[in-house]
Structures are given as C-alpha cells and as structure tokens.
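Descriptive structure summary
The chain contents come next:
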Amino acid sequence: MNRLNRAELQERNRAKVLAAAREEFTERGFRDAKIDGIAERAELTRGAVYSNFPGKRALYFAVLADLAERAPEPPHPEPGRTAREALSAFARAWVARLPLATDERPGPAWLGMDLMSEVIVDERTRRPFTQLMKLDAILLGLALERLRPPATSAGRMVCVAEAALTTLHGASQMAAAAPGFIEPFNVVGVCERLADLDLGDVWQPPHIPYIPQARPADEPWSPPPAVDVVRGGPARLAGDGVVAILGLHRLEAAEEAVRAAAPGATVTAVLVTGDPGELAPLARLAVADLCNCLRQAFPPSAWPRLQVVYDESGTLAAAAGVPAVSDGTEVAVRVEAGRIVARADGRGACHAAASAGGAAPAAQAQPAPTRHHG
C-alpha cells in the first residue's frame, strides 16, 4: 500500500475531524460538545484537531458549511415563474429545513440552532456576517429583478430581499427559541406578498467623497480554475468582465460592479479573508444556505448576474495582482480579451473598474431615489 504524503494525510485527518465533530454536535449540542470528545471519536489527538481548526466555533461553522454544500441538488424549476412565485418557493425551501417541535433535541434537525448565538457573541463574526447577509440579499434581489415584467423593470428589489431574509432568519430563531410557535405556511405567505411591495428601492451609484479612478493596465490574466458557488459549477473567468477581490467587510461593494458593468459582461466577486480558519467556513455556510434555496425556487435563466468564488488560498487574488488580502480588501480589475485593462483599489473600486471606459448603460441610470443604498 502506498503511504500518504503530508497533504493527503492532512486532508484525511481533516475529514475525520469533521465527521467526528458532526457526531459530537448532533448528540451533545454545540454547548456541551467537547474538543476532547471530538478527538476521541476521530481517533486523533487533541493537537491534531487544533492543527486543522483553530477552535470549537470554527469547527462548528465548518461542519454546518460542509452539510450545506453537500445538500442534494434539487430539480430546477421551469422558466416562466413570476417574482412572487419564486419568492414563495424560496420561502418554502427555507422553512422546510426548520426543525419541528417533535424533533428530538439535541439531534440532527437542531444542529444549526446555535449558529446565530455564536455569530452574535463576537464582533469578529458579527461584522463579516452583516456583509454576508448583504451579499445574500443582493443575490436574491438580483434574481427577483430578472423575473419582473418588462414594463416594471426600473428600480431594484434588494430591499424586498432584505425583508424576506429578515423574516426567514427570524422564523429560524423562533423555531429554536419557541418550538411550535411559528406556522410555516404563514411565513411563506408573508414572504410571497413582499414581492408586490414598492419600497422605493432605486439604485444610485455610491456617494463617496473620494472614489478612486480606475488606472489603465495591460497585464496578463491567467486565473486558476475556480467554482462559482451560485451556480454550483466552474466559474467563467476567461471572458470579458469585472473581477472584484473583496474581503468579508466589503461584500456589499459587489453590487456596485453589477450595476455599473456593461450588459453581457461577467461580474465575479472573489471572497477573501484574513481569518480563513473561522470566517471562511462562515462565508461558505451563509452563501450555500442562500443558494440552495435560490436554485430550488428560481429557473436558471433568472439566477443573478453575479458569480461568487471563494479564494481561501489567495491564488486567484494573486492572479489579479493582489498579493496580500485582508477582510477590508476591495480591489477590482476589468478584463478584456484575456488581459487586465484597468484596475482600482480601495472603497469604490468596484464601481470605478466596472465603469472604466464609459458610463453605465442608460438602462441602469435611475432617477434620484427616495432612499440611498450606496
């Protein structure tokens, strides 16, 4: 039998730790789970657990992210749905995951019920989680916009998406705190009706005292293979478009690239973090939970015009000329014909790179809004 090399051994041990942690969290709940118990189940040392994960919370996030990403791919709905129908289907997919009052606790159905309390307890998780929720709302809002009748194409639906996600996350918390209190069909009905609300949600380019100018460039663009987690397949990185390298404190800037980019241009948000051990699995979990429901509810033709790619190793960022990343990173490059032709750095970089060489399309230029979402 061939001996495993170091990387293969580490990957095998990581998988053993994840499997053992899932068992420990399922049987004992997150609060009562012990690292020593996880190590014993995995037949590894305590040190081997910590060599793969920085702590119990990071391991909990990783277990939940792994489960979300391994969820069976549902059949995609047929084209022709309205925004109201899709939002209703999205809500049904969400509440179907909630535990029932009769489910044994602790147990598999309750595995994720400590997530929000673990996010709330620490500013290091609250701030990126806020931005992850903004990214989720942007993805859902962009999908809803693609299902509106052409006659009502003005304005954005991200505020509707924010209201729906607030309702659904609230339902999740009530299911944990007061089992049997919520009526899932009522939650679905509320979300369905949100699609018809006019929240005065109109996009306007960001108002920032200093928006960096995109700098002309002529650099090779040879990105490594990557996965677009919105569609669950290979990311389209070779074509013309905008690639935004975004730390977990700057994710909402992805919308600026989408709104300013020319029609047909591919827009990709590359998620990076200065704390990959704990925050990377939290990001994977938040986006996977959203996209699992989105793919069940929206036909592929309505999926958002935004790719999302994880870059825990920093190789994609390096290909874009960003050798070091942090949670505050915002760098955007514009790609044409296999070359980087423009780049911008700092707050406002996504808008600057996407609009370099010309203004945003007329269809995206909106009248002054009643409320600002920069």
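Sequence order as written defines residue numbering, which begins from 1 separately in each chain. Local features in this predicted model are restricted to residues whose pLDDT is 70 or higher, and side-chain atom pairs enter the listing and the counts only when it is 80 or higher, whereas totals over whole chains, interfaces and linings include all residues. Only hydrogens and water are set aside when side-chain values are computed; all heavy atoms of the structure are taken into account.

As recorded in an unreviewed UniProt entry, the protein goes by Transcriptional regulator, TetR family and comes from Streptosporangium canum.

Take the overall build of the protein next. Strands here are runs of E lasting at least two residues and helices are runs of H or I lasting at least four, both read from the DSSP assignment and numbered beginning at the N terminus. Counting secondary structure elements, the protein contains 13 helices and 8 strands. Across its three principal directions, the C-alpha atoms of the protein cover 60 × 50 × 40 Å. In this scheme, a residue with accessible area under 20% of its type's maximum is buried, one over 50% is exposed, and one in between is partly exposed, where area comes from a 1.4 Å probe on protein chains only. For the protein, the proportion of its 374 residues judged to be buried stands at 52%. Contacts spanning at least 24 positions in sequence make up 78% of the contacts within the protein whose residues lie at least 6 apart. For the area figures, the Shrake-Rupley method with a 1.4 Å probe applies, and any residue is considered shielded solely by the protein chains shown. A total accessible area of about 17,400 Å² is found for the protein, and carbon and sulfur atoms account for 55% of it. Contacts were defined at the residue level, with two residues in contact if any of their heavy atoms lie within 4.5 Å.

In this structure, Arg 250 sits in the loop between β4 (241-247) and α10 (254-260). For Arg 250, a relative accessible area of 7% gives the class buried. Contacts of Arg 250, omitting those with residues within four sequence positions, involve Gln 131, Asp 327, Gly 328, Thr 329, Glu 330, Arg 347 and Gly 348.

As annotated by UniProt and renumbered to match this structure, "DNA-binding region" (unreviewed entry) occupies residues 34-53. Within the segment residues 34-53, helix and strand shares are 75% and 0% respectively, and the terminal C-alpha atoms sit 14 Å apart. UniProt positions are given in the numbering used here, feature names are shortened, and annotations may be inferred rather than shown by experiment.

So, on to helix α1 (residues 6-32). In this analysis, the expected span of each helix is defined as 1.5 Å times one less than the number of residues it contains. The end-to-end C-alpha separation of α1 is 32 Å, well short of the 39 Å expected for 27 residues at 1.5 Å each. The bend reported for a residue corresponds to the angle between axes fitted to the seven residues ending at that residue and the seven starting there. Thr 26 marks where α1 bends most, by close to 80°. Of the residues making up α1, those classed as buried are Asn 13, Val 17, Leu 18, Ala 20, Ala 21, Glu 24, Phe 25, Thr 26, Gly 29 and Phe 30. Buried residues belonging to α1 abut α2 (35-42), α3 (46-52), α4 (56-69) and α6 (115-120).

All right, on to the environment of Ala 337 then. The residue Ala 337 is located in the loop between β7 (330-336) and β8 (339-345) in this model. Separated by 44 residues in the primary sequence, Ala 337 and Cys 293 have C-alpha atoms spaced 35 Å apart.

The rule for a salt bridge is simple: a side-chain nitrogen of Lys or Arg has to be within 4 Å of a carboxyl oxygen of Asp or Glu. The final tally for this structure, using the stated rule, is 28 salt bridges. Arg 70 is paired through a salt bridge with Asp 66; the nearest N and O atoms lie 2.8 Å apart. For Arg 70, a relative accessible area of 64% puts it in the exposed group. Each member of the salt-bridge network shares a partner with another, and the members are Glu 23, Glu 24, Glu 27, Arg 28 and Arg 41.

In this model, the largest pocket occupies a volume close to 830 Å³. Along the wall of the largest pocket there are 34 residues; nearest its centre are Leu 64, Arg 97, Gly 112, Leu 285 and Asp 289. Per-element tally for the lining of the largest pocket: the top contributor is helix α11 (residues 279-297), with 8 residues. Note: domain ranges come from an automatic or database domain assignment. The residue makeup of the lining of the largest pocket includes at least three contributed by each of domain 2 (83-195) and domain 3 (208-355). Here a cavity is any set of points on a 1 Å grid over the protein atoms alone where a 1.4 Å probe fits but cannot get out, and a pocket is any open set with protein on both sides within 12 Å along at least 5 of 7 lines; a residue lines the site when it has an atom within 4 Å of a point. Grid points are joined across faces, edges and corners, and a volume is the space filled by probe spheres set on the points.

Looking now at the sheet that holds strand β1 (residues 215-220). The rule for pairing is simple: two strands pair if DSSP sees at least two bridges between them. Taken together, the 6 strands give an open sheet; going across it, the order is β1-β8-β7-β4-β5-β6, and neighbouring strands pair in mixed fashion. Where the open sheet ends on each side, the last strands, each with one partner, are β1 and β6 (307-310). Within the sheet, the average angular offset between the axes of one strand and its neighbour, ignoring direction, is 25°. With 4 bridges connecting them, strand β5 (residues 266-272) and β6 associate as parallel partners. Residue pairing in the sheet places Thr 268 in a bridge with Gln 307 of β6. Orientation is described by axes fitted as lines to C-alpha atoms, over the contacting stretch for helices, and by angles from 0 to 180 degrees between their N-to-C directions.

Our next topic: the state of the cysteines. In plain terms, two cysteine sulfur atoms within 2.5 Å form what is called a disulfide here. Inspection of the entire model under this criterion finds 0 disulfides. Left without a disulfide partner, Cys 191 is nearest to the cysteine sulfur of Cys 293, which lies 11 Å away. Take Cys 191: its relative accessible area is 0%, and that puts it in the buried class. The thiol of Cys 350 is not disulfide-bonded; the next cysteine sulfur, from Cys 291, is found 18 Å away.

Another aspect to go through is the confidence of the model for the protein. pLDDT is defined as a per-residue confidence score from the predictor, taking values between 0 and 100. Averaged over all residues, the pLDDT of the protein equals 90, while 93% of them reach at least 70. A low-confidence stretch, residues 358-374 stays under pLDDT 50, and its non-local contacts, those more than four residues away or across chains, total 35 contacts.

Relative to the helices and strands, Pro 234 is located in strand β3 (residues 233-234). Residues Pro 234 and Gln 307, 73 residues apart in the sequence, show an inter-C-alpha distance of 10.0 Å.

Our focus in this paragraph is the nonpolar core. The biggest cluster of nonpolar side chains holds 99 residues, and the ones touching the most others in it are Phe 25, Leu 59, Phe 90, Leu 140, Phe 298 and Leu 306. With 12 residues, the top contributor of residues to this core is α11. In contact with Leu 306, other than residues within four places in its own chain, are Leu 135, Leu 139, Leu 142, Val 230, Arg 231, Ala 254, Val 258, Val 267, Thr 268 and Ala 269. The term nonpolar core refers to a set of buried residues drawn from Ala, Val, Leu, Ile, Met, Phe, Trp, Tyr and Cys, joined through side-chain atoms within 4.5 Å. In this structure, Val 270, Ala 317, Val 322 and Ile 340 belong to the second largest nonpolar core, which totals 18 residues.

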